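Working through the structure, step by step
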Amino acid sequence: MVLEAYEAILNSYRPKLIPLEANLTAAVFSFMKIFPAEFCIRMAREQGWINSQSLIVETSSGNMALGLALICKLTGLQLTIVSDYACDGFLKRRMEDLGTRVEIVSGPAAQGGYQRARLDRLGEICAETPGHFWVNQYDNPGNPGAYSFLATQLVESMGHVDCLVATVGSGGSACGTAGYLREIFPEMQTIGVDTFGSVLFGQPDRPRKLRGLGNSVLPKNLDHRIFDEVHWVNAAEAYTATRLLHRETSLFCGGTSGAAWMVARHYARKNPKARVVCLFPDDGYRYTETIYNDEYLWKENLWLSELTAAPREVTHPLDGGPSWSFLRWNRRSYAEGAKSSISAAV
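Section: the overall build of the protein
Regarding its fold elements, the protein presents 12 helices and 12 strands. Taken over the C-alpha trace, the protein has a radius of gyration of 19 Å; the compact-globule value for 346 residues is 20 Å, and the two agree within 12%. Based on the C-alpha atoms only, the size of the protein along its principal axes is roughly 55 × 45 × 45 Å. Taken across its 346 residues, the protein has 58% of its residues classed as buried. The long-range share in the protein, meaning contacts at least 24 apart out of those at least 6 apart in sequence, stands at 69%. Distance between charge centroids for the protein: 2 Å, based on 34 positive and 36 negative side chains.

What follows is the structure in structure tokens.
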């Protein structure tokens, strides 16, 4: 593919900055994960870690997998993805149409859930395949490194950012964007949005209905010292917020965007002089049969008549739940922030 076409395709995925309220701006991506996928592959080429014959491998429940499928198709590289039940039939077919081999694990591991099961299968593939390159989105510094362009775009457009609100999964977009912005605005508040049953900020690992944020393992890309607050939301709250976001703004987004919006809107209204930015990672087309399907929400007990008005403050992670809760993390390390919860769990 000619360079001009490649760059034009990447540019078509760049986010739009949309002012939702007087002091709240959303960075709206049609598909965010193409950027860390592209950056990680480009960095691997520049470092000489891959060549045209290399097999690229990764584990992902959806969006990073599709991002790599797009980039590998555009650059002529072979790709194998290990995923789980969250990879719906349409997504799997789309990746396979792009030339990706997709493996679906049959069930969760006894500890670490589906992410551990995917990592175990990925390890087997790596052992069988000389000349492979594992992207490793959780630990690859190219993941957060990909977001310098977004920080630049925000500064050039807004001039100043007082608070960034982002969902947290691999740690890439939240820590990458906040890290670059903090070089310019050291006092900027960073709010991470997680979900119950995720280990990222000290809760015990449990099954989670809300996907696209949270994790069953601790990624190296997650810099806990970035965060001033951590908010936990459940699936029903995130999905209700996503539907409300669509009704109020016409923005057709996924559940991670709804979760980020409900937290960012609350913060912006409490701090009317602050310039607040929230990240909307992807569109809603993968969720037409779930988030945007009333029958599904009723069946899964995820229907709320109204959105939770405000979060409940807690003093350590184990106190969070079952509905929207937040903790003043205060830029602590994981050990500092989760120490009391780990002791209590043991």
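What to know about the sheet that holds strand β6 (residues 132-134)
Pairing is parallel in the open sheet, where 4 strands are placed in the order β5-β4-β3-β6. Since the sheet does not close on itself, it has two edges, and those belong to β5 (101-104) and β6, each with one partner. The mean inter-strand angle of the sheet, taken between neighbouring strand axes irrespective of direction, is 20°. Sitting on the sheet, helix α3 (residues 63-75) touches β3 (55-59) and β4 (78-83), and the angle it makes with β4 is about 170°. Across the sheet, helix α5 (residues 113-128) touches β3, β4, β5 and β6, and the angle it forms with β3 is around 165°.

Structural notes on the layout of surface pockets
If you add up the space inside the second largest pocket, you get close to 250 Å³. Surrounding the second largest pocket, 15 residues form its lining, G113, Y114, R206, P207 and S216 being those nearest its centre. Across the lining of the second largest pocket, the residue classes break down as 6 nonpolar, 5 polar and 4 charged.

A word on helix α2 (residues 34-46)
Along its 13 residues, α2 runs 18 Å from first to last C-alpha, staying within 8% of the 18 Å computed at 1.5 Å per residue. Turning to α2, its buried residues are I34, F35, P36, A37, E38, C40, I41, M43 and A44. Where the residues of α2 are buried, they touch α1 (3-11), β3, α3, β6, α6 (142-145) and α7 (148-158). A positive phi of about 75° marks G48, the residue just after α2.

Considerations on the confidence of the model for the protein
Within the protein, residue pLDDT values average 94, and 98% of them lie at 70 or more. Long-range and interchain partners of residues 341-346, a stretch whose pLDDT sits below 50, account for 7 contacts in this model, where long-range means more than four residues apart.

A word on helix α4 (residues 89-97)
The N-cap of α4, judged by a side-chain oxygen 3.1 Å from the amide nitrogen of F90 a few residues on, is D88. Backbone geometry just after α4 places G99 at a positive phi near 95°.

Observations regarding the nonpolar core
I56, F201 and F227 are the most contacted members of the largest nonpolar core, which has 63 residues in total. With 9 residues, α3 is the largest single contributor of residues to this core. Counting residues in each nonpolar core, the second largest holds 37 residues, with V28, A264, Y287 and L302 among its members.

Some words on the sheet that holds strand β12 (residues 325-328)
Hydrogen bonding along the main chain pairs the strands of a sheet, whether they run parallel or antiparallel. Strand order in this open sheet of 8 strands is β1-β2-β10-β7-β8-β9-β12-β11, and the pairing throughout is mixed. A single partner strand is all that each edge strand has here, and the edge strands are β1 (16-21) and β11 (312-314). The sheet shows a mean angle of 25° between the axes of neighbouring strands, taken without regard to direction. Pairing of β11 with β12, which is carried by 3 bridges, proceeds in the parallel orientation. Within β12, the residue paired with E313 across the bridge is F326. Sheet strands touched by helix α8 (residues 172-184): β7 (163-167), β8 (189-195) and β10 (276-280). Its angle to β7, the strand with the most contacts, is close to 165°.

Considering the environment of V2
The topology assignment puts V2 in the segment before α1. C-alpha separation for the pair V2 and V277, spaced 275 residues apart in sequence, amounts to 35 Å.

Topic: the packing of α7 against α8
Between α7 and α8, whose axes approach to 8 Å, the crossing angle comes to 45°. By the criterion of interaxial angle, the relationship of α7 to α8 is oblique. Here α7 and α8 pass one another in a crossing that is right-handed. Between α7, through S148, L150, A151, L154 and V155, and α8, the contact on the second element is made entirely by T177, Y180, L181 and I184. Its residues placed into classes, the contact of α7 with α8 shows 7 nonpolar, 2 polar and no charged.

Here is what the cut-offs are and how they apply
- One numbering rule holds for all chains: residues counted from 1, following each sequence as written.
- With pLDDT at 70 or above as the cut-off, local features in this predicted model cover only qualifying residues; side-chain atom pairs require 80 or more to be listed or tallied, and sums for whole chains, interfaces and linings still use all residues.
- The side-chain values count all of the structure's non-hydrogen atoms but skip hydrogen atoms and water molecules.
- Helix numbers and strand numbers start at the N terminus; a helix is a DSSP run of H or I with at least 4 residues, a strand a run of E with at least 2.
- Using C-alpha atoms as the atom set, the radius of gyration is obtained and then compared with a globule rule of 2.2 Å times the number of residues to the power 0.38.
- Any residue under 20% of the maximum accessible area for its type is buried, any over 50% is exposed, and the rest in between are partly exposed; the area is computed with a 1.4 Å probe on protein chains only.
- Contacts are residue-level and defined by heavy atoms, with any inter-residue pair within 4.5 Å sufficient.
- Counting rule for charge: Lys and Arg are taken as positive, Asp and Glu as negative, and neither His nor the chain ends is counted.
- Positions of charges follow a simple convention, taking NZ of Lys, CZ of Arg, CG of Asp or CD of Glu.
- At least two DSSP bridges between two strands are required for those strands to pair.
- Each axis is a line fitted through C-alpha atoms, taken for helices only over the stretch in contact, and angles between the N-to-C directions span 0 to 180 degrees.
- Buriedness for pockets is judged along seven lines, at least five of which must meet protein on both sides within 12 Å for an open set on the 1 Å grid over protein atoms alone, while cavities are sets there where a 1.4 Å probe fits but cannot get out, and lining residues have an atom within 4 Å of a point.
- Grid points are joined across faces, edges and corners, and a volume is the space filled by probe spheres set on the points.
- Under the scheme applied here, ten amino acids are nonpolar (Ala, Val, Leu, Ile, Met, Phe, Trp, Tyr, Cys and Pro), four are charged (Asp, Glu, Lys and Arg), and all others, including Gly, are polar.
- Expected helix span is computed as 1.5 Å times (number of residues minus one).
- pLDDT measures how confident the predictor is about each residue, on a scale from 0 to 100.
- In protein, a polar contact requires one atom able to donate a hydrogen and another able to accept it; more generally it is a pair of N or O atoms within 3.5 Å, and residues adjacent in sequence count only if both atoms are side-chain atoms.
- Think of a nonpolar core as a cluster: buried Ala, Val, Leu, Ile, Met, Phe, Trp, Tyr and Cys residues, connected wherever their side-chain atoms sit within 4.5 Å.
- Geometric relationships in this document are graded by angle, where less than 35 degrees denotes roughly parallel, more than 145 denotes roughly antiparallel, 65 to 115 denotes roughly perpendicular, and other angles denote oblique.
- Note on convention: the crossing is left-handed when the near helix lies turned anticlockwise from the far helix by less than a right angle, right-handed when the turn is clockwise.

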